[in-house]
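Geometric and topological summary
One letter stands for each residue in the lines below.
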Amino acid sequence: MIQHATLRQLQVFEAVARNLSYTRAAEELFTTQPTVSIQLKQLTDIVGQPLLEQLGKRIFLTDTGRELLKVCHEIFDGLARFEMLVSDMKGVKAGKLRLAVITTAKYFVPRLLGLFCLRYPGIDVSLKVENRERLLQRIADNQDDLYVLGQPPEHLEIELEPFLENRMVVLAASNHPLAGKKHIPPQRLEEEPFLMREPGSGTRLATEKFFTERGLKLKVRMELGSNEAIKQAVAGGLGIAVLSAHTLALERSIDELTILDVEGFPIRRHWYLAYPKNKQLSVVAQAFLEFLHEESKLLGEKYLLGINGFPTPDRGKIKKKAPPISDTQAH
Ligand code: PGA
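An account of the accompanying structure is given in this report.

Calculation criteria
Residue numbers restart at each chain and count upward from 1, following the sequence in its written direction. For this predicted model, a pLDDT threshold of at least 70 governs which residues receive local features, and a threshold of 80 or more governs which side-chain atom pairs are given and counted, while totals over whole chains, interfaces and linings are taken from all residues. The side-chain values count all of the structure's non-hydrogen atoms but skip hydrogen atoms and water molecules. The helix and strand labels rest on DSSP assignments: H or I over at least four residues marks a helix, E over at least two residues marks a strand, and numbering proceeds from the N terminus. Exposure is judged per residue with a 1.4 Å probe applied to protein chains only, and the accessible area is read against the type maximum: over 50% gives exposed, under 20% gives buried, and values in between give partly exposed. Should any heavy atoms of two residues lie within 4.5 Å, those residues are considered in contact. Values of accessible area rely on a 1.4 Å probe in the Shrake-Rupley scheme; residue burial ignores everything except the protein chains shown. Polar contacts, as counted here, are pairs of nitrogen or oxygen atoms within 3.5 Å of one another; within protein the pair requires one atom able to donate a hydrogen and one able to accept it, and residues that are adjacent in sequence qualify only if both atoms are side-chain atoms. One heavy atom suffices: a residue is near a molecule or strand as soon as one of its heavy atoms comes within 4 Å of it. Each nonpolar core is a collection of buried residues, namely Ala, Val, Leu, Ile, Met, Phe, Trp, Tyr and Cys, held together in the definition by side-chain atoms within 4.5 Å. Strand pairing requires that DSSP identify at least two bridges connecting the strands. How far a helix is expected to stretch is found by multiplying one less than its residue total by 1.5 Å.

What about the overall build of the protein?
When helices and strands are tallied, the protein shows 10 helices and 11 strands. When each of the 331 residues of the protein is scored for burial, the buried share is 47%. Summarising the internal contacts of the protein: among those between residues at least 6 apart in sequence, 75% fall at separations of at least 24. For the protein, the computed accessible surface area is about 17100 Å², with 53% contributed by carbon and sulfur atoms.

Right under this line is the structure:
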């Protein structure tokens, strides 16, 4: 029976199942591949059914394996929560915060985390940046403590806490004929080649909603899978685009881009902190929630909108001087 399995065997299985690789699991657990294979074999014998199957070089989870993986997550979550509870009882906020955020949120979440980690040096943070589809899958699989996204999903039961405004602006090359024009009617944009994010992106959903609500049709010239690629293409004169103003936070090509003054813009949305309904939040996750509540207004004004040449969308033209940035921040 499964009760005879050891925690180590479950840990090994979880690592293999998550990575779908014996080698990566061994590296992650600082052990060898033969040890991983032995532990897995013992666990499979205990369960009495295959947990993994190998087709050619690829490993797949069997149905039993998939179910066991869910159980492993519940066990490890429970243990992590217990560990944090103990730290909390001892009066130290310590433990791990697993955060997964949607692509566009990578422009501001690391700053928030920086401040959070300063306040709670005992907390380790892991941050995953995923596109909307994968992020929703992570929520459904209960893989992380908290999530940041811009568009509440309809089909998932989740708790949502808005914490920061997300303004979406129309970007064009600074030598674009519409640059500097006042009160451009949105109808005028029908004539412009448009650069659009990939299907499933929250940015794209909000852009499409804005134009369909007004009965307008965009001429999409190109679909691009990242905000960075879109900014480059806009700067290169390939078209205009609607993006979150946060994507300009660390902009290098700051002189090459401008925000158009289009009526109805900026589209005002929110960033949400989300977690599955009924999820028992860890002490650390709760600390992060409280931190965001306390700090979000201040953070919105001071750290996100007003420093380092970051533009406020209403101002129109992007400020000249780009902030000094490191490569890791830029991508
Ligand atoms: P996206 O989502 O990065 O997938 O475009 C961001 C948002 O919903 O605003």
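Topic: the side chain of Asn19
Position of Asn19 relative to the elements: it lies in helix 1 (residues 7–19). A polar contact of 3.0 Å, which involves the side chain of Asn19, links it to the side chain of Glu28. The contacts of Asn19, once residues within four sequence positions are left out, are Arg24, Ala25 and Glu28.

Some points on the site of the ligand
Taken together, the residues surrounding the ligand are Ile102, Thr103, Thr104, Gly150, Gln151, Asn166, Arg197, Ser201, Gly202, Thr203, Arg269 and Trp271. One of the side-chain nitrogen or oxygen atoms of Ser201 is found 2.9 Å away from an oxygen atom of the ligand. When the free accessible area of the ligand is taken as 280 Å², the share hidden by the protein chains comes to 100%. Elements with a contribution of two residues or more to the shell around the ligand: helix 7 (202–213) and strand 11 (267–276).

A look at unusual backbone geometry
Residue Pro266 is bonded to the preceding Phe265 through a cis peptide linkage, with omega at 0 degrees. A positive phi angle is found at Phe30, which is not glycine, with a value near 55 degrees. Within the element layout of this structure, Phe30 appears in the loop between helix 2 (22–28) and helix 3 (33–47). Since its relative accessible area comes to 78%, Phe30 is described here as exposed. A positive phi is found at Asn142, a non-glycine position, where the angle reads about 55 degrees. Position of Asn142 among the secondary structure elements: in the loop between helix 6 (132–140) and strand 5 (146–149).

With respect to the nonpolar core
Of all hydrophobic cores here, the largest spans 39 residues; its most connected members are Leu97, Phe108, Leu146, Val148, Phe163 and Phe288. For this core, the elements supplying multiple residues, two or more each, are strand 3 (95–102), helix 5 (109–119), helix 6, strand 5, strand 6 (158–173), strand 11 and helix 9 (283–305). Sort the elements by how many residues they give to this core and helix 9 lands first, with eight residues. Contact partners of Phe163, with chain neighbours within four places excluded, come to Phe108, Leu112, Val148, Trp271, Tyr272, Leu273, Leu292 and Ser296.

Concerning the pairing of strand 3
Walk down a regular strand and you will see the side chains alternate between the two sheet faces. Pairing geometry for strand 3 and strand 4 (residues 123–130), over eight bridges, is parallel. The residue bridging Val101 from the neighbouring strand is Val129, located in strand 4. Inspection of the sheet shows strand 3 paired to strand 5 by three bridges, in the parallel sense. Across the sheet, the residue bridging to Leu99 is Leu146, located in strand 5.

Examining the pairing of strand 1 (residues 52–55)
Alignment of strand 1 against strand 2 (residues 58–61), held across four bridges, turns out to be antiparallel. Paired with Leu55 across the two strands is Arg58, which belongs to strand 2. The loop that links strand 1 with its antiparallel partner strand 2 comprises two residues; one of these, Gly56, has a positive phi angle of about 60 degrees.

Brief notes about helix 7
When the terminal C-alpha atoms of helix 7 are compared, their 16 Å separation across 12 residues agrees well with the 16 Å that a helix rising 1.5 Å per residue should span. Of all the positions in helix 7, only Gly202, Thr203, Arg204, Ala206, Thr207, Phe210 and Phe211 are classed as buried. Taken together, the buried residues of helix 7 touch helix 6, strand 6, strand 7 (193–197), strand 8 (219–224), strand 9 (241–244) and strand 11. Residue Ser201 occupies the N-cap position of helix 7, its side-chain oxygen lying 3.2 Å from the main-chain nitrogen of Thr203. Count one or two residues on from helix 7 and you reach Gly215, which has phi positive near 65 degrees.

Focus: the environment of Thr64
Structurally, Thr64 is set in helix 4 (residues 63–89). Using a relative accessible area of 25% as the deciding quantity, one classes Thr64 as partly exposed. Through-space distance from the C-alpha of Thr64 to that of Leu52 is 8.5 Å; in sequence the pair is 12 residues apart. Other than its neighbours up to four places away in sequence, Thr64 contacts Val47, Gln49, Pro50 and Leu51.

Describing helix 8 (residues 227–235)
If you check which residues of helix 8 are buried, you get Asn227, Ile230, Lys231, Ala233, Val234 and Ala235. Considering only its buried residues, helix 8 is in contact with strand 6, strand 7, strand 8, strand 9 and strand 10 (257–260). Of the residues one or two after helix 8, Gly237 is the one with positive phi, at around 85 degrees.

These results come straight from atomic positions and should not be treated as a statement about function.
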